[in-house]
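# Structural overview for review
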4 protein chains.
Amino acid sequence: MNLSKKRLAHIVFESNDFASKTFDLIILVMICGSVLVEVLDSVSELHVRYNILFYSLELIFTFLFTLEYILRIWLSTRKKKYIFSFFGIIDLLAILPVYLSFFLVNTHFLIVVRAFRLLRIIRILKLGRYLSEADFLLSSVKASVTKIQLFLFAVLTIVLTMGTLMYMIEGPESGFTSIPRGMYWAIVTLTTVGYGDIAPSTPFGQFVASLIMLLGYAIIAVPTGIVSSEMAKRRSPEHHVSTRTCTHCGKDGLDPSDHYCRECGGPLD
Amino acid sequence: MNLSKKRLAHIVFESNDFASKTFDLIILVMICGSVLVEVLDSVSELHVRYNILFYSLELIFTFLFTLEYILRIWLSTRKKKYIFSFFGIIDLLAILPVYLSFFLVNTHFLIVVRAFRLLRIIRILKLGRYLSEADFLLSSVKASVTKIQLFLFAVLTIVLTMGTLMYMIEGPESGFTSIPRGMYWAIVTLTTVGYGDIAPSTPFGQFVASLIMLLGYAIIAVPTGIVSSEMAKRRSPEHHVSTRTCTHCGKDGLDPSDHYCRECGGPLD
Amino acid sequence: MNLSKKRLAHIVFESNDFASKTFDLIILVMICGSVLVEVLDSVSELHVRYNILFYSLELIFTFLFTLEYILRIWLSTRKKKYIFSFFGIIDLLAILPVYLSFFLVNTHFLIVVRAFRLLRIIRILKLGRYLSEADFLLSSVKASVTKIQLFLFAVLTIVLTMGTLMYMIEGPESGFTSIPRGMYWAIVTLTTVGYGDIAPSTPFGQFVASLIMLLGYAIIAVPTGIVSSEMAKRRSPEHHVSTRTCTHCGKDGLDPSDHYCRECGGPLD
Amino acid sequence: MNLSKKRLAHIVFESNDFASKTFDLIILVMICGSVLVEVLDSVSELHVRYNILFYSLELIFTFLFTLEYILRIWLSTRKKKYIFSFFGIIDLLAILPVYLSFFLVNTHFLIVVRAFRLLRIIRILKLGRYLSEADFLLSSVKASVTKIQLFLFAVLTIVLTMGTLMYMIEGPESGFTSIPRGMYWAIVTLTTVGYGDIAPSTPFGQFVASLIMLLGYAIIAVPTGIVSSEMAKRRSPEHHVSTRTCTHCGKDGLDPSDHYCRECGGPLD
């Protein structure tokens, strides 16, 4: 690899000097721009008026993203690894829809794939500052995964039982036309969203629904408790109990970074 | 009990080798399958089209569950204990409805009992990994039971008072036709579900409702606080019970930092 | 005061032997019964059918509560203090409505006063078990009072500003007919109740509403955080720092249950 | 500055003796009064009846606030700093609308600016008692800012993806007429507000909506966890960083209980 290619790779992949930060910023603006165009294009009044403008911008953004994609493959030292990496696939998904739309008639579903473009913003956020915080949040969530799985399983059991119960009590008159709809209602209620599109109308149904709501009240405390305690644990230093002991006086609980015993002053290994 | 029966009992009751894990997995798939059939059967479009298929599957699942139930009774060394245990009753409830439906005309209510089938999945989850986590969650909830009872009592007092108040202020025009309906509204509001099927329409009613909502805002913090603090407490290493035991007097639960037994004063290793 | 009167006072005011506990239980059942009668009486179908039964029960309960009230005054050593105490007023309010209804025509508002009867249940709950837990909850809430006041003030400022804003943006077409109604909507939204009786319909109104919801999302964390951290603080064992010290080596922080010093092995008193 | 002007400045700017506290109280009552007048004036029934009274009060309050504003400028030793300070601008915004309304016809938008009057109440709250608590709350929130930004970014990504998805699945029939409306629905759902003005009606849409709600359930735990753990951290005394420094090597952060420096082994005082 010659020097200018190495320099270009630095600009594209790193973000620690002016040139590479500017490159990242341009990509960020382009991603936000292309997402905005798609969002605005879905509003029918705007679609009618700015149809051609939106389509042109779409093509321009796609062309630029394609350039960036090719650039990244060309600059990668391990091309295969990049192409099949998480961000490599995201980058491909961000440009593919437009090319497919030239060949396909029903382009309706491509809009979702385009929504994945926003995921690319994550790439830009490697600005250091956020990373340790994100790490902290992710590791808190990861450590809680088994507990949250267990919790979700409990919620699903409640949802199934309650959905079936309300389907039986209320029947199709109140909108409980099937067990799946009853389960949908149970989720809407347990999560305290409460649209009101399906609501119990019989006194007994309202009584059972009240029980479910109070249950949901108690249940909402559980994930919060899990995450809170996990974060609190990660936070407080008391939880890295040291077992290091002074060989002279036997004093334990010494920090691994200590050089001398804080009890007798003897040197530590 | 001969050897092959012993082996069979191991497969059915344990889950620590290939054969017994496979047995558990088959039961798990059957439970999920039977629940799915019931859920889908409740959708009227699917009921019309796949009526016979669903009924056949129902009969097959019930037959297999019956086999399993008889197998479990036959293999139990203490049959009575199994039959009247929590899981024994669940297993019976899971097969009874279909047999009853042969004799009864109104089988509508049997559908709920069948929903209890899902509870059988818990049996399968004895796979070790989840148990300590479930134990943790359950013990956190158990330790909070008196506090949560107290909290629920406070909530019910608020619900009764507010339901009566709103019944008086709003009257039947806004849907507050009786105190129980007013209480139903108060629960819907306090839990922040908010269907909107009953909502205050007079300015004074809306003012009182606003107060209830702000109260609910403060109240929602309480169960979360209870569970969080309970979990945080359980988490902290002080609760990791030590198994260090004095070789002189047998006193256990000694700190790893102790030099002498705190019960008998004998030196510790 | 003679002995039998003293014994009667013990039964009425205490709850530590069979007779006094039975008395408390009878009062508890009567309170729940009278509340239930009132709740059921408000349901028009039941009112039509059981009108006379409900009224008779009402009179009987009121007569019994009157007896109890007179008994309590007669048995009190400091009568004035009881009459003007919290429970003394509650006891009077519980019987007054029925007597007033003999003289007044519009007895509609008396129903609320009767709802206060439930407050009398608190008296029964002096069974010891709950008290320390209630103390814990109350002291947690008390310690957070200034923080919660501050929080409520912030919420009201947001509600006033947002209610005015939405009143201006949406106008009467979407139900925002006045600033108070806008504030009612803001409370319904911020507390995540969301009836949907008033909802923004213009795109800009929906955008502002979205901001309010996300704000509410962040805000809901604050009271929970306050109460949780207050409870955790009260909970954690680090706050019951032991001051027990070994008389031989001066090692402190020993458990009250230790018999020998864990530092030097010397016997503790 | 002569003595009487100094005394006047003390009364206006401080609040530590009777005269200055009374001044603050009068301003507080005036602020609340002027806000109340505006709120009541927006109710059309009251506007029709008390039109002239409200307008007169409005003029009186504005005149008094103008006097106060001029007084504050005159008494300030650094006039420019006050005028362009946060409270200086708020004070100007509180009186400007009425003067502008003499010249402008469409005074509708001035009403929002007037709502900022309430912000002036904060000035009065400098009564000491609340400040340390407010400081605590603010510093907890400030310390969580990067984590909350990250969280909001994650929420917006979910909202964009889910809004697009539901726009595609449900289409205009259920109210999902554009991606922005889909995003509005996603926010209404994720925050568990759930108006029900837009709700999924197809089975698949309801299934996806259920997933979003369960996701929202897990997500609501995150900000609460962040704030809780931040508050708990600020609370616990372990985090009071020690400033004890070794006089030999300059190592700081030593425990008050240490006898010897853990860095250099030198004896500590």
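Residues numbered from 1 in each chain as written. Chains lettered and ligands numbered in written order. Predicted model: local features only at pLDDT ≥ 70, side-chain atom pairs only at ≥ 80, totals over all residues. Heavy atoms only, no water.

Looking at an unreviewed UniProt entry, chain A carries the name Voltage-gated potassium channel, with the source organism given as Algoriphagus faecimaris.

## Focus: the overall build of chain A
This is how it is decided: Only DSSP runs of H or I with at least four residues qualify as helices, and only runs of E with at least two residues qualify as strands; both kinds are numbered from the N terminus onward. Only protein chains enter the area calculation, which uses a 1.4 Å probe; residues under 20% of their type maximum are buried, those over 50% are exposed, and those in between are partly exposed. In this analysis, two residues are considered to be in contact whenever any of their non-hydrogen atoms come within 4.5 Å of each other. Using a 1.4 Å probe, accessible areas were evaluated by the Shrake-Rupley method; residue-level cover was limited to the displayed protein chains.
Counting its secondary structure elements, chain A contains 12 helices and zero strands. Element order for chain A, N to C, with α for helix and β for strand: α-α-α-α-α-α-α-α-α-α-α-α. Looking at the 269 residues of chain A, the share that counts as buried comes to 48%. The long-range fraction of contacts in chain A, counting pairs at least 24 apart against all pairs at least 6 apart in sequence, stands at 52%. Accessible surface computed for chain A: about 13400 Å², of which carbon and sulfur atoms make up 70%.

## Re the nonpolar core
Here is the rule we go by: The nonpolar core is taken to be a set of buried Ala, Val, Leu, Ile, Met, Phe, Trp, Tyr and Cys residues, with the residues joined through side-chain atoms within 4.5 Å.
In this structure, W185 of chain A, W185 of chain B, W185 of chain C together with W185 of chain D are the most contacted members of the largest nonpolar core, which totals 123 residues. Contact partners of W185 of chain D, with chain neighbours within four places excluded, come to Y195 of chain A together with M166, F176, I198, A199, P200, A209 and I212 of chain D.

## Notes on the confidence of the model for chain A
Residue and element names in this part refer to chain A. As a reminder of what qualifies: Per-residue confidence from the predictor is given as pLDDT, running between 0 and 100.
Mean pLDDT over chain A: 75, with 71% of residues reaching 70 or higher. Mean pLDDT across the elements of chain A bottoms out in helix α7 (residues 121-124) (50) and peaks in helix α10 (residues 179-190) (90). Predicted confidence is poor over residues 123-131, with pLDDT under 50, and the contacts of this stretch with residues over four places away or in other chains come to 20 contacts. Segment residues 236-241 is flagged for pLDDT under 50; beyond a separation of four residues in sequence, or across chains, it makes eight contacts in the model.

## Re the pattern of salt bridges
All names here are of chain A. The condition is simple: What makes a salt bridge here is a side-chain nitrogen of Lys or Arg within 4 Å of a carboxyl oxygen of Asp or Glu, nothing more.
Enumeration according to the criterion identifies four salt bridges over all chains in this entry. One salt bridge in this structure joins E68 and R72, with 2.8 Å as the shortest N-O distance. Taken together, the residues E68 and R72, both in helix α3 (residues 44-75) and four residues apart, mark about one turn of the helix. R72 carries the same exposure label as E68, and that label is buried.

## Side note on the UniProt feature "transmembrane region" (unreviewed entry) in chain A
Residues and elements named next belong to chain A. Heads up, the condition is: UniProt positions are given in the numbering used here, feature names are shortened, and annotations may be inferred rather than shown by experiment.
Using the residue numbers shown here, the UniProt feature "transmembrane region" (unreviewed entry) corresponds to residues 21-40, 52-71, 83-105, 148-169 and 204-227. Secondary structure content for residues 21-40 is 100% helix and 0% strand, and the end C-alpha separation is 28 Å. Secondary structure across residues 52-71 divides into 100% helix and 0% strand, with the first and last C-alpha atoms of the span separated by 29 Å.

## Examining a nonpolar patch on the surface
All names here are of chain A. Put simply, the rule reads: Patch criteria: residues need more than 30% relative accessible area and no salt bridge. Like-charged residues are merged within 9 Å; nonpolar side chains of Val, Leu, Ile, Met, Phe, Trp and Tyr are merged within 5 Å.
Nonpolar side chains collect at one region of the surface, where Y55, L59, Y99, F102 and F103 lie side by side and expose about 550 Å² of accessible area between them. Of all elements in the fold, only α3 and α5 (86-103) reach the threshold of two or more residues within the nonpolar patch. Counting residues per element, the nonpolar patch draws most heavily on α5, which supplies three residues. Considering the arrangement of structural elements, one finds F103 in helix α5. Assessed through its relative accessible area of 71%, F103 is described here as exposed.

## What to know about helix α11 (residues 203-219) of chain A
The criterion, for reference: Here, expected helix span is obtained from the residue count minus one, scaled by 1.5 Å.
Taking 1.5 Å of rise per residue, the 17 residues of α11 of chain A would be expected to cover 24 Å, and the 24 Å separating its terminal C-alpha atoms lies within 8% of that figure. Taken as a whole, α11 of chain A has its buried residues at G205, Q206, V208, A209, S210, I212, M213, L214, G216, Y217 and I219 of chain A.

## Remarks on empty space enclosed by the protein
Counted only if it meets this: For cavity detection a 1 Å grid was placed over the protein atoms alone, and a set of points counts as a cavity when a 1.4 Å probe fits there but cannot get out; an open set counts as a pocket when protein lies on both sides within 12 Å along at least five of seven lines, with lining residues being those that have an atom within 4 Å of a point. Grid points are joined across faces, edges and corners, and a volume is the space filled by probe spheres set on the points. As a working rule, the residues Ala, Val, Leu, Ile, Met, Phe, Trp, Tyr, Cys and Pro are called nonpolar, Asp, Glu, Lys and Arg charged, and the rest polar, with Gly in that last group.
A full pass over the atoms with the stated rule returns six cavities of 30 Å³ or more. Considering only enclosed or pocket space, the largest cavity measures out at about 150 Å³ in volume. Every residue along the wall of the largest cavity is listed here: T192, I220 and T224 of chain A, T192, I220 and T224 of chain B, T192, I220 and T224 of chain C together with T192, I220 and T224 of chain D. The residue makeup of the lining of the largest cavity, split by class, is four nonpolar, eight polar and no charged.

## As for the packing of aromatic side chains
Here is the rule: Pairs were defined over the aromatic rings of Phe, Tyr and Trp, the Trp ring being its six-membered one, requiring ring centres within 6.5 Å. Orientation was assigned from the angle between planes: stacked under 30 degrees, edge-to-face over 60, tilted for the rest. Whether a charge sits over a ring depends on NZ of Lys or CZ of Arg being within 6 Å of the ring centre and within 35 degrees of the ring normal.
Counted by the stated rule, this structure contains 16 aromatic pairs over all chains. Seen in terms of ring centroids, F176 of chain C and W185 of chain C are 5.3 Å apart; in terms of plane orientation they differ by 65°. Their pairing is edge-to-face. Here F176 of chain C and W185 of chain C have matching classes, each one buried. Between Y69 of chain D and Y82 of chain D, the aromatic rings sit 6.2 Å apart at their centres with planes inclined by 45°, giving tilted as the arrangement. One end of the pair, Y69 of chain D, is in helix α3 (residues 44-75); the other, Y82 of chain D, is in helix α4 (residues 79-83), with 13 residues separating them in the sequence. For Y82 of chain D, a relative accessible area of 9% corresponds to the buried category. Note that K5 of chain C overlies the ring of W74 of chain C, its terminal NZ or CZ placed 4.9 Å from the centroid.

## With respect to the environment of G163 of chain B
Residues and elements named next belong to chain B. Of note, G163 is situated in helix α9 (residues 145-170). The class for G163 is buried, based on a relative accessible area of 0%. Each C-alpha atom of the pair G163 and S178 lies 8.8 Å from the other, and the pair is 15 residues apart in sequence. Setting aside residues up to four positions removed in sequence, G163 forms contacts with I158, G182, M183 and A186.

## Some words on α3 of chain A
In an α-helix, one turn spans 3.6 residues, which is why side chains three or four residues apart end up on the same side. Just so we agree on the cut-off: Here the bend at a residue is taken as the angle between two axes, fitted respectively to the seven residues that end there and the seven that start there.
The largest bend along α3 of chain A reaches roughly 85° and is located at Y50 of chain A. Burial in α3 of chain A covers these residues: F54, E58, F61, T62, F65, T66, E68, Y69, R72, I73 and L75 of chain A.

## Some remarks on the packing of helix α10 (residues 179-190) of chain D against helix α11 (residues 203-219) of chain D
Residues and elements named next belong to chain D. Stated formally: As a rule, the C-alpha atoms of each element are fitted with a line to give its axis, helices using only the stretch in contact, and angles between N-to-C directions run from 0 to 180 degrees. Under this scheme an angle from 65 to 115 degrees is roughly perpendicular, one under 35 degrees roughly parallel, and one over 145 degrees roughly antiparallel; angles in between are oblique.
The geometry of α10 relative to α11 is characterised by a closest axis approach of 9 Å and an angle of 50° between their N-to-C directions. With respect to their mutual orientation, α10 and α11 come out oblique. Residue-level inspection shows W185, T189 and L190 of α10 in contact with α11, the latter providing A209, I212, M213, G216 and I219. When its residues are assigned to classes, the contact of α10 with α11 shows six nonpolar, two polar and no charged.

## Remarks on the packing of helix α2 (residues 18-41) of chain A against α3 of chain A
Residues and elements named next belong to chain A. Condition: Working rule for handedness: look at the near helix, and if it is turned counterclockwise from the far one by less than a right angle, call the crossing left-handed; if clockwise, right-handed.
Where α2 meets α3, the closest approach of the two axes is 9 Å, and the angle between their N-to-C directions is 145°. Regarding α2 and α3, the two cross each other, and that crossing is left-handed. Counting all contacts with α2, which are made through F23, I27, M30, I31, G33, S34, V37, E38, L40 and D41, the residues of α3 involved are L46, H47, F54, L57, E58, F61, L64, F65, E68 and R72.

## Examining unusual backbone geometry
Even without being a glycine, T192 of chain A presents a positive backbone phi close to 60°. Here T192 of chain A shows up in the loop between α10 and α11.

## Some details on the environment of G182 of chain A
Residues and elements named next belong to chain A. Note on placement: G182 falls in helix α10. Its relative accessible area of 0% is what places G182 among the buried residues. Taking the C-alpha atoms as reference points, G182 and I198, separated by 16 residues in sequence, lie 8.7 Å from one another.

## A look at the environment of G194 of chain B
Counting through the fold element by element, G194 of chain B comes out in the loop between α10 (179-190) and α11 (203-219). Overall, the relative accessible area of 0% leaves G194 of chain B in the buried class. Along the sequence, G194 of chain B and G33 of chain B sit 161 residues apart, while their C-alpha atoms lie 35 Å from each other. Excluding residues that lie within four positions of it along the chain, G194 of chain B makes contacts with G194 of chain A, V188 of chain B, V193, G194 and Y195 of chain C together with G194 of chain D.

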